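# Working through the structure, step by step
Spelled out from the first residue to the last, the chains are:
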Amino acid sequence: MRPINLSLAGVVLLALTGCQSAPVTVSEPIKTFSISPECIEYTLQTDDEMIVGFRPVYFELNSDKSYSKLDAHMSCVATYLANHVDKELNIQGLTDDKGTVKYNKALAQRRADGIVEYLVSLGASYDQLVSSTKIIEDNGVRLTSSERSKTRRVDFIITDKSS
């Protein structure tokens, strides 16, 4: 069998699509975290670290109120932060392409800030939390109602804590 060289993007694509056509050889044992799986969307092992991706939180149309159950999910995220004080979590609010850029930016910020406050209420440190926004502008491509509902969310981006 010929070895396959994959970029991180290729690994992500394979992990997300569930491709099982080629066996994967791991040279070192995979690190494990004691976090609840209900808040994990994916994990990727690189040569020197485990990349953890938390599930997004979805929101109702034109609202900063989540329709996801937050208790177990956010407790899991808060526990991860407590166990990894060297990490910082960027909570990124997103909106769909309806409405003005100004309105959507404010809504996305309220969504991100609401999740920050919820995490702090569970004991997470403000020092590990950053909120930001990502606006999807109307670029002439018409999204379906289902596609738009998937853009009304908050994503979590884990990075090394800035000094």
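Above this note sits the structure.
So, how was this worked out
- Residues numbered from 1 in each chain as written.
- Predicted model: local features only at pLDDT ≥ 70, side-chain atom pairs only at ≥ 80, totals over all residues.
- Heavy atoms only, no water.
- Helix = DSSP H or I, 4+ residues; strand = E, 2+ residues; numbered from the N terminus.
- Buried < 20%, exposed > 50% of the residue type's maximum accessible area, 1.4 Å probe, protein only.
- Contact = heavy atoms within 4.5 Å.
- Areas by Shrake-Rupley, 256 points an atom, 1.4 Å probe, with all protein chains shown as cover.
- Expected span 1.5 Å × (residues − 1).
- Phe/Tyr/Trp six-rings, centres within 6.5 Å; stacked < 30°, edge-to-face > 60°.
- Pairing = 2+ DSSP bridges.
- Axes fitted to C-alpha atoms, helices over the stretch in contact; angles between N-to-C directions.
- Right-handed = clockwise from strand over helix to strand, strands pointing away.
- Core = buried A, V, L, I, M, F, W, Y, C linked by side-chain atoms within 4.5 Å.
- Parallel < 35°, antiparallel > 145°, perpendicular 65-115°, else oblique.
- Nonpolar A, V, L, I, M, F, W, Y, C, P; charged D, E, K, R; others polar.

### Considerations on the overall build of the protein chain
When helices and strands are counted, the protein chain shows four helices and six strands. Taken across its 163 residues, the protein chain has 33% of its residues classed as buried. A fraction of 68% describes how many contacts in the protein chain between residues 6 or more apart in sequence connect residues 24 or more apart. When the accessible surface of the protein chain is totalled, it reaches about 10400 Å², and 53% of it is carbon and sulfur.

### A word on helix H2 (residues 71–83)
For H2, with 13 residues, the first-to-last C-alpha span of 18 Å sits near the 18 Å given by 1.5 Å per residue. If you check which residues of H2 are buried, you get His73, Met74, Cys76, Val77, Ala78, Tyr80 and Leu81.

### Structural notes on helix H3 (residues 101–121)
Its 21 residues place the ends of H3 30 Å apart at the C-alpha level, agreeing with the 30 Å of an ideal helix rising 1.5 Å per residue. Buried residues of H3: Asn104, Leu107, Ala108, Arg111, Ala112, Ile115, Val116 and Leu119, and no others. Two residues or fewer after H3 comes glycine 123, characterised by a positive phi angle close to 105°.

### Overview of the packing of aromatic side chains
Inspection of every chain in the model, using the stated rule, returns two aromatic pairs. Seen from their ring centres, phenylalanine 54 and tyrosine 80 are 5.4 Å apart, and the 80° between their planes marks the pair as edge-to-face. Of the two residues, phenylalanine 54 is situated in strand E2 (residues 50–54) and tyrosine 80 in helix H2; the sequence distance between them amounts to 26 residues. Exposure class is identical for phenylalanine 54 and tyrosine 80. Each is buried.

### Re the side chain of histidine 84
Considering the arrangement of structural elements, one finds histidine 84 in the loop between H2 and strand E4 (87–94). Histidine 84 gets classed as buried once you look at its relative accessible area, which sits at 16%.

### Thoughts on unusual backbone geometry
Its identity is not glycine, yet asparagine 62 carries a phi of approximately 55°, on the positive side. Structurally, asparagine 62 is set in the loop between strand E3 (57–58) and H2.

### Quick look at the sheet that holds E3
What the four strands build is an open sheet, ordered E3-E6-E4-E5; its pairing is mixed. In this open sheet, the two strands that pair with only one neighbour each are E3 and strand E5 (129–134). Both E4 and strand E6 (residues 153–160) contribute to a ladder of seven bridges, which runs antiparallel. Bridge assignment links glycine 93 to a residue of E6, and that residue is valine 154. Each of E3, E4, E5 and E6 is contacted by H2, which is oriented at about 145° to E4, the strand it contacts most. Sitting on the sheet, H3 is in contact with E3, E4, E5 and E6, with an inclination near 160° to E5.

### Here's the deal with the pairing of E4
For E4, the tally of buried residues reaches seven of eight residues, placing the bulk of the element in the interior. The β-α-β motif built from E4, the intervening H3 and the parallel element E5 has right-handed crossover chirality.

### Considerations on the nonpolar core
By size, the foremost hydrophobic cluster in this structure holds 22 residues, and its most contacted members are Leu89, Ile91, Ile115, Leu119 and Phe156. Put simply, the parts of the chain that give this core at least two residues each are H2, E4, H3 and E6. The element that contributes the greatest number of residues to this core is H2, accounting for six residues. Those residues in contact with isoleucine 115 that lie beyond four places of it in its chain are Val57, Phe59, Leu70, Met74, Ile91, Val154 and Phe156.

### With respect to the packing of H2 against H3
Packed helices, taken two at a time, are described by the angle their axes make and the gap between the axes. Taken N-terminus to C-terminus, the directions of H2 and H3 make an angle of 75°; their axes are 9 Å apart at the nearest point. The orientation of H2 with respect to H3, classified from their angle, is roughly perpendicular. Here Asp71, Met74, Val77 and Ala78 of H2 come into contact with H3, specifically with Ile115, Tyr118 and Leu119. Residue composition of the contact of H2 with H3, grouped by class: six nonpolar, no polar and one charged.

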